[in-house]
Amino acid sequence: MILYTMMPQETIFPTASDDYSKQRVVSYNGISFMVQQTENNSFQIVRNLSTDPAHYLDDQYSPGTVINITFE
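Presented here is a report on the structure given in the accompanying data block.

Conventions used here
Throughout, a residue's number is its position along its own chain's written sequence, starting from 1. Two thresholds apply to this predicted model, a pLDDT of at least 70 for residue-level local features and 80 or more for giving and counting side-chain atom pairs, whereas whole-chain, interface and lining totals are computed over all residues. Processing note: side-chain calculations cover all non-hydrogen atoms of the structure and skip hydrogens and water entirely. A run of H or I in DSSP becomes a helix once it reaches four residues, and a run of E becomes a strand once it reaches two; helices and strands are each numbered from the N terminus. Summary of the burial criterion: residues with accessible area below 20% of their type's maximum are buried, those above 50% are exposed, and those between are partly exposed, where the area comes from a 1.4 Å probe applied to protein chains only. Criterion used throughout: strands pair if DSSP finds at least two bridges between them. By convention, a stacked pair of Phe, Tyr or Trp rings (six-membered ring in the case of Trp) has centres within 6.5 Å and planes under 30 degrees apart, an edge-to-face pair has planes over 60 apart, and any other such pair is tilted. Patch definition: residues above 30% relative accessible area lacking any salt bridge, with like charges linked at up to 9 Å and the nonpolar side chains Val, Leu, Ile, Met, Phe, Trp and Tyr linked at up to 5 Å. Areas reported here follow the Shrake-Rupley algorithm with a probe of radius 1.4 Å; residue values treat only the protein chains shown as occluding. We count a salt bridge whenever a side-chain nitrogen from Lys or Arg sits within 4 Å of a carboxyl oxygen from Asp or Glu. Definition of a polar contact: a pair of N or O atoms within 3.5 Å, with one able to donate and the other able to accept a hydrogen when the atoms are protein atoms, and with sequence-neighbouring residues admitted only if both atoms are side-chain atoms. Any two residues having at least one pair of non-hydrogen atoms within 4.5 Å are treated as being in contact.

## Quick word on unusual backbone geometry
We note that Asn29 has phi near 55°; this positive angle belongs to a residue other than glycine. Tracing the chain through its elements places Asn29 in the loop between strand S1 (23–28) and strand S2 (31–37). Relative accessible area serves as the criterion here: at 54%, Asn29 is assigned to the exposed category.

What follows is the structure, encoded as structure tokens:
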């Protein structure tokens, strides 16, 4: 079956809600990120929420980068 539509794929085939339960918004080095917890209690950057264009150009803040954050 071929589906011709202008709608985004996420609208037609929604992601399971349990995938979002592992995600949270954190502040790391003064920058807000949407991160997803990995199996070894570190976090992988999903989305950069900063409004500063320089933060998007920095490779250490790119999506997929694993960061270590401790919560108290």
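Having put the structure on the table, let's press on.
## What to know about the sheet that holds S1
Judged by pairing direction, the sheet is antiparallel, and its four strands sit side by side in the order S1-S2-S3-S4 without closing on themselves. A single partner strand is all that each edge strand has here, and the edge strands are S1 and strand S4 (66–67). Bridging between strand S3 (residues 43–48) and S4 involves two bridges; their strand directions are antiparallel. Counterpart to Gln44 in the pairing with S4 is Val66.

## Some words on the packing of aromatic side chains
This model, assessed by the stated rule, comprises one aromatic pair. Measuring from ring centre to ring centre gives 5.5 Å for Phe33 and Tyr61, while their planes differ by 40°; the resulting arrangement is tilted. Taken together, the residues Phe33 in strand S2 and Tyr61 in the loop between helix H2 (53–57) and S4 connect sequence positions 28 residues apart. Assigned by exposure class, Phe33 and Tyr61 land together as buried.

## Comments concerning the pairing of S3
Two strands pair when backbone bridges link them, and S2 and S3 are joined in this way by five bridges, in the antiparallel orientation. Paired with Gln36 across the strands is Gln44, a residue of S3.

## Observations concerning a nonpolar patch on the surface
There is a patch of nonpolar side chains on the surface, built from Met1, Leu3, Met7, Ile12 and Phe13 and spanning about 610 Å² of accessible area. For Ile12, the location among the structural elements is in helix H1 (residues 9–12). By relative accessible area, which is 30% here, Ile12 ends up partly exposed.

## Details of the side chain of Asn48
The topology assignment puts Asn48 in strand S3. Look at Asn48 and you get buried, because its relative accessible area is 8%. A polar side-chain atom of Asn48 sits 3.4 Å from the main-chain carbonyl oxygen of His55. Each residue touching Asn48, except ones within four places of it in the same chain, is listed here: Ile31, Ser32, Phe33, His55, Tyr56 and Tyr61.

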